[in-house]
Amino acid sequence: MTLHPRLPADAPFTVGFDLDLTLIDSAPGIRAAYESLVASTGTHIDVDLVCSRLGPPLEQELAYWFPADRVAAAAADYRAVYPTLAIAASPVMPGAREALDAVRELGGRSVVVTAKYERNARLHLDHLGLAPDALVGDLWAEGKATALRAHGATVYVGDHTGDVRGARTAGALSVGVATGPCDEEELRAAGADVLLADLTAFPRWLRDYREAAAPSGTAAGSEARA
């Protein structure tokens, strides 16, 4: 049984994308929010270390720095300041707009599936003018498969080995982009099917991938022009 079958080029398709360090460079905003948390709680947090391993859920990271009975309160404090400190500070990643546009131009749908708190994820997308067809937050690693399956995603793009695991659990093609904490070797070892340096290479890859599935004489994306 094929883990990630290639759909015919004239079939509807959905591509999933991670958010942090895939579509947006959230590191500056996350740094600002953590520095605020340090100031307000007096708790030592190695913010450089935190920013070097972005990807997992907030509470998982906070558990390294706060006792278990204080993690929920710390997460609430972080999320309270996040919209003010992090949204404007976080730019779009190179190629992100073009990647979403490429999916649309070829007749597909895009869904962002992220571990980030969904309300804050929406603020990022709206601020940057990124418009996927759907957004699902608060899911990490294998848990992302729930949303990917629900939206019929056959490809999932992400920067973390957790994204690779989510794609494989969903039976989707895993496209790894080396723009986050995991390099190409780590992504490959986790089982990524495709490796790209960044999203600027994604539109060409997607077109080639779709055209390879097209029946002879049929161009991928022709359904969008019909």
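Residues numbered from 1 in each chain as written. Predicted model: local features only at pLDDT ≥ 70, side-chain atom pairs only at ≥ 80, totals over all residues. Heavy atoms only, no water.

Novice: In this structure, what is going on with the sheet that holds strand β4 (residues 153–158)? I would like to understand it.
Specialist: Sheet strands associate in pairs through backbone hydrogen bonding, adopting either a parallel or an antiparallel arrangement. Strand order in the open sheet formed by six strands is β3-β2-β1-β4-β5-β6, and the pairing between neighbours is parallel. With one partner strand each, in any of the chains shown, β3 (134–136) and β6 (194–196) form the two edges of the open sheet. Taken over all neighbouring pairs, the strand axes of this sheet differ in orientation by 20 degrees on average, direction set aside. Across three bridges, the pairing between strand β2 (residues 109–113) and β3 is parallel. Pairing of Val-111 across the sheet is with Ala-134, part of β3. (Pairing = 2+ DSSP bridges. Helix = DSSP H or I, 4+ residues; strand = E, 2+ residues; numbered from the N terminus. Axes fitted to C-alpha atoms, helices over the stretch in contact; angles between N-to-C directions.)

Novice: Would you take a moment to explain the pairing of β4 for this structure?
Specialist: Side-chain direction in a regular strand flips from residue to residue, so the side chains alternate between the two faces of the sheet. The buried fraction of β4 amounts to six of the six residues, a majority that puts the element mostly inside the structure. Two strands pair when backbone bridges link them, and strand β1 (residues 14–17) and β4 are joined in this way by four bridges, in the parallel orientation. If you follow Val-15 over to β4, its bridge partner there is Val-155. Inspection of the sheet shows β4 paired to strand β5 (residues 173–177) by four bridges, in the parallel sense. Bridging from a neighbouring strand, Val-157 pairs with Val-175 of β5. Once you follow β4 into helix α8 (residues 161–170) and on to β5, the crossover reads as right-handed. (Buried < 20%, exposed > 50% of the residue type's maximum accessible area, 1.4 Å probe, protein only. Right-handed = clockwise from strand over helix to strand, strands pointing away.)

Novice: Help me out: how do you make sense of the side chain of His-124 in this one?
Specialist: Structurally, His-124 is set in helix α6 (residues 118–128). Overall, His-124 belongs to the buried group, its relative accessible area being 0%. Each residue touching His-124, except ones within four places of it in the same chain, is listed here: Ile-24, Tyr-82, Ala-86, Ile-87, Ser-90 and Lys-116. (Contact = heavy atoms within 4.5 Å.)

Novice: I'm lost on the environment of Val-136 in this one. Help?
Specialist: Within the element layout of this structure, Val-136 appears in strand β3. The spacing of Val-136 and Tyr-117 is 19 residues in sequence and 9.2 Å in space, taken between C-alpha atoms. Setting aside residues up to four positions removed in sequence, Val-136 forms contacts with Val-112, Val-113, Thr-114, Glu-118, Ala-147 and His-151.

Novice: Would you take a moment to explain the packing of aromatic side chains for this structure?
Specialist: Within a pair of aromatic rings, the relevant descriptors are the distance that separates the centres and the angle that separates the planes. Across all of its chains, the model carries five aromatic pairs by this definition. With 5.7 Å between their ring centres and 40 degrees between their planes, Phe-202 and Trp-205 make a pair best called tilted. Of this pair, Phe-202 and Trp-205 both sit in helix α10 (residues 202–213), three residues apart, roughly one helical turn. Through successive ring pairs, a cluster of aromatic residues spans Phe-17, Phe-202, Trp-205 and Tyr-209. The ring centre of Tyr-117 lies 4.8 Å from the NZ or CZ of Arg-79, which sits over that ring. (Phe/Tyr/Trp six-rings, centres within 6.5 Å; stacked < 30°, edge-to-face > 60°. Lys NZ or Arg CZ within 6 Å of the ring centre and 35° of its normal.)

Novice: In this structure, what is going on with helix α5 (residues 96–105)? I would like to understand it.
Specialist: Since one α-helical turn is 3.6 residues long, residues separated by three or four positions face the same way. Within the span of α5, buried status applies to Ala-96, Ala-99, Leu-100, Ala-102 and Val-103. Buried positions in α5, seen along its axis, are confined to an arc of 155 degrees and lie on one side of it. Residues of α5 that are buried sit in contact with β1, β2 and α10. Remark: Gly-107 follows α5 within two positions and exhibits a positive phi of approximately 90 degrees. (Arc of directions from axis to C-beta.)

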